[in-house]
Amino acid sequence: MKRLWGVIIVMAVGNLVLASMLVTHTMNQSEPSQPPEPEKQGEQKNDRVVAKVGNRDLTILELQTALERHYGAELLGQMLDREVIRLEGNETGTSIGSAEINRELKRMRQGYESEQQFYASMQNQLGLSEQEIKEDVTNKLLLEKLATKHIQITDAQVEDYMKTHADEFKQDIEYNILQIIVSTKDQANKVIAELAKGESFATLARDRSLDDATNNTGGDLGWIEGDDPFVAAPVLEAAKLLKVGEVSKPVPLPQGFAIVKLKNRREKVNPDLAFVRENVRRELALREAPPLKDYVQQLRGKWKVNILDPQLR
């Protein structure tokens, strides 16, 4: 259930990739390498109709003009930032290896049940391919490495941080919870009675539950942590008091009552300590580095970035 943080992190990725695609496409369309032949003026790509409203045609040129007017300055800035980071990396011999990329992708995938589910989610929600995500991760890691290249974080500093922030690294319990949501306590008691007679929880969830998000999957919430903000607190608290296989009494909710069943529980898999330490080392280095935004501005000055079009400044 804790997947929105991953989406939030990658939202910036989506904006940047889309930015590059849109601006590049606009530039290619507006500056053809060769002038079109006179007899084909009416067939230019800029006249391509992309939508219709009543009798009015909307062309690709209108769309590109609107995008440039509203987002051009921001998107051009993102493209320039990426370019100065690349130039600085080339000059200093700083690069990002596959192990670093994989480690960061592993961190981003936390909260997803599998690598395939993570990439499918990014494709469905943001339209990003696996390759596009890796390219943006590479750019982000290169920026961080450049900004922190003169900062040394010792093993002792890493260990001290982990000891003084032990709560961040504790092993959590995860719960696999089933739920059925009904309107009244009387309905909840009837469901409990039918369960006691041997009726399937999944069947009752499908037929009785008001929760459209889970009724078609047997009321299954999947594996969730004990402080998951996207699951009703009363449901979580009820589940924590149950033994595996037990069903709760009616649990009051703002929209009615829940019947909760604890399908299973487990300790969250121990994290890779080397992976955790490297993340801590990186975060500590970033704390000592100048703000990344300021560092990129320094790179812009060094590489003499000059935006020629006043409308895009």
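The rules behind these values
Residues numbered from 1 in each chain as written. Predicted model: local features only at pLDDT ≥ 70, side-chain atom pairs only at ≥ 80, totals over all residues. Heavy atoms only, no water. Helix = DSSP H or I, 4+ residues; strand = E, 2+ residues; numbered from the N terminus. Buried < 20%, exposed > 50% of the residue type's maximum accessible area, 1.4 Å probe, protein only. Areas by Shrake-Rupley, 256 points an atom, 1.4 Å probe, with all protein chains shown as cover. Salt bridge = Lys/Arg side-chain N within 4 Å of Asp/Glu carboxyl O. Pairing = 2+ DSSP bridges. Axes fitted to C-alpha atoms, helices over the stretch in contact; angles between N-to-C directions. Contact = heavy atoms within 4.5 Å. pLDDT = per-residue confidence, 0-100. Core = buried A, V, L, I, M, F, W, Y, C linked by side-chain atoms within 4.5 Å. Parallel < 35°, antiparallel > 145°, perpendicular 65-115°, else oblique. Nonpolar A, V, L, I, M, F, W, Y, C, P; charged D, E, K, R; others polar. Expected span 1.5 Å × (residues − 1). Bend = angle between axes of the 7 residues up to and from the residue. Phe/Tyr/Trp six-rings, centres within 6.5 Å; stacked < 30°, edge-to-face > 60°. Lys NZ or Arg CZ within 6 Å of the ring centre and 35° of its normal.

Asks: Account for the overall build of the protein chain, naming residues and giving values.
Replies: In terms of helices and strands, the protein chain carries 11 helices and six strands. Here the protein chain holds 313 residues, and the buried ones make up 36% of them. For the protein chain, the accessible area works out to roughly 19200 Å², and carbon and sulfur atoms hold 53% of it.

Asks: With reference to specific residues and values, describe the pattern of salt bridges.
Replies: Tallying each qualifying case throughout the model produces 23 salt bridges. Of the charged contacts, one joins glutamate 104 and lysine 140 as a salt bridge, the two residues approaching to 3.1 Å between their closest N and O atoms. Residue glutamate 104 is found in helix α3 (residues 98-108), and its partner lysine 140 is found in helix α5 (residues 130-147); the two are separated by 36 residues along the sequence. Judged by its relative accessible area of 2%, glutamate 104 is buried. With relative accessibility at 28%, the residue lysine 140 sits in the partly exposed group. The network of salt bridges with shared partners includes Glu104, Arg107, Lys140, Glu144 and Arg282.

Asks: Outline the sheet that holds strand β6 (residues 256-267), listing residues and values.
Replies: Read from one edge of the open sheet, four strands run β4-β3-β6-β5, paired in antiparallel fashion. In this open sheet, the two edge strands, each paired with only one partner strand, are β4 (220-225) and β5 (251-253). Looking at each pair of strands side by side, their axes are set apart by 40° on average, direction ignored. In terms of strand pairing, strand β3 (residues 173-182) meets β6 through 10 bridges, oriented antiparallel. Along β6, the bridge assignment pairs isoleucine 177 with leucine 262. Its contacts with the sheet place helix α7 (residues 185-196) against β3 and β6, and it is angled at close to 45° to β6.

Asks: Outline the confidence of the model for the protein chain, supporting the account with residue identities and numerical values.
Replies: Confidence along the protein chain averages 85 in pLDDT terms, with 84% of residues attaining 70 or more. Low confidence marks residues 1-33, where pLDDT is under 50. Its contacts with residues over four positions away, or in another chain, come to 59 contacts.

Asks: How would you summarise the nonpolar core if you had to cite specific residues and measurements?
Replies: Ranked by size, the top nonpolar core spans 21 residues in total, and within it Ile85, Leu105, Ile133 and Val137 carry the most contacts. Listing elements by their share of this core, those giving two or more residues are α2 (60-92), α3, α4 (115-126), α5 and α11 (292-302). Here the element with the most residues in this core is α5; it accounts for seven residues. When residues no more than four places from it in sequence are discounted, the contact partners of valine 137 are Ile101, Glu104, Leu105 and Met108. Residues Ile177, Ala238, Leu242 and Val260 belong to the second largest nonpolar core, which totals 16 residues.

Asks: Account for the packing of helix α6 (residues 155-164) against helix α10 (residues 273-288), naming residues and giving values.
Replies: Where α6 meets α10, the closest approach of the two axes is 10 Å, and the angle between their N-to-C directions is 100°. Between α6 and α10, the crossing angle belongs to the class labelled roughly perpendicular. Listed contacts from α10 to Asp155, Gln157, Val158, Glu159, Tyr161 and Met162 of α6 are Val276, Arg277, Val280, Arg281, Leu284, Arg287 and Glu288. Residue composition of the contact of α6 with α10, by class: six nonpolar, one polar and six charged.

Asks: An account of the side chain of asparagine 139 is requested, with residue identities and associated values reported.
Replies: Residue placement: asparagine 139 occurs in helix α5. Classification of asparagine 139 as buried rests on a relative accessible area of 15%. Aside from chain neighbours lying at most four places away, what touches asparagine 139 is Arg82 and Ile85.

Asks: Account for α2, naming residues and giving values.
Replies: With 33 residues, α2 extends only 41 Å from end C-alpha to end C-alpha; this falls clearly short of the ideal 48 Å at 1.5 Å per step. A maximum bend of about 75° is found in α2 at tyrosine 71. All of the buried residues along α2 are Ile60, Gln64, Gly72, Leu75, Leu76, Gly77, Val84, Ile85, Glu88 and Gly89.

Asks: Give a description of the packing of aromatic side chains that names residues and reports values.
Replies: Using the criterion set out here, one finds two aromatic pairs in the structure. Between tyrosine 112 and phenylalanine 118 the ring centres are 5.2 Å apart and the planes differ by 80°, which places this aromatic pair in the edge-to-face class. When its relative accessible area of 0% is taken as the criterion, phenylalanine 118 is described as buried. Judged by centre distance (5.1 Å) and plane angle (65°), the rings of phenylalanine 118 and tyrosine 119 are edge-to-face. In this structure tyrosine 119 comes out as buried when scored by relative accessible area, which is 10%. Just above the ring of phenylalanine 275 sits the side chain of lysine 106; from NZ or CZ to the centre is 4.6 Å.

Asks: Tell me about the pairing of β6, residues and numbers included.
Replies: Relative to β6, β5 is paired through three bridges, and the arrangement is antiparallel. Bridging from a neighbouring strand, proline 252 pairs with phenylalanine 257 of β6. Taking the residues between adjacent antiparallel strands as the criterion, β5 and β6 are bridged by two residues.

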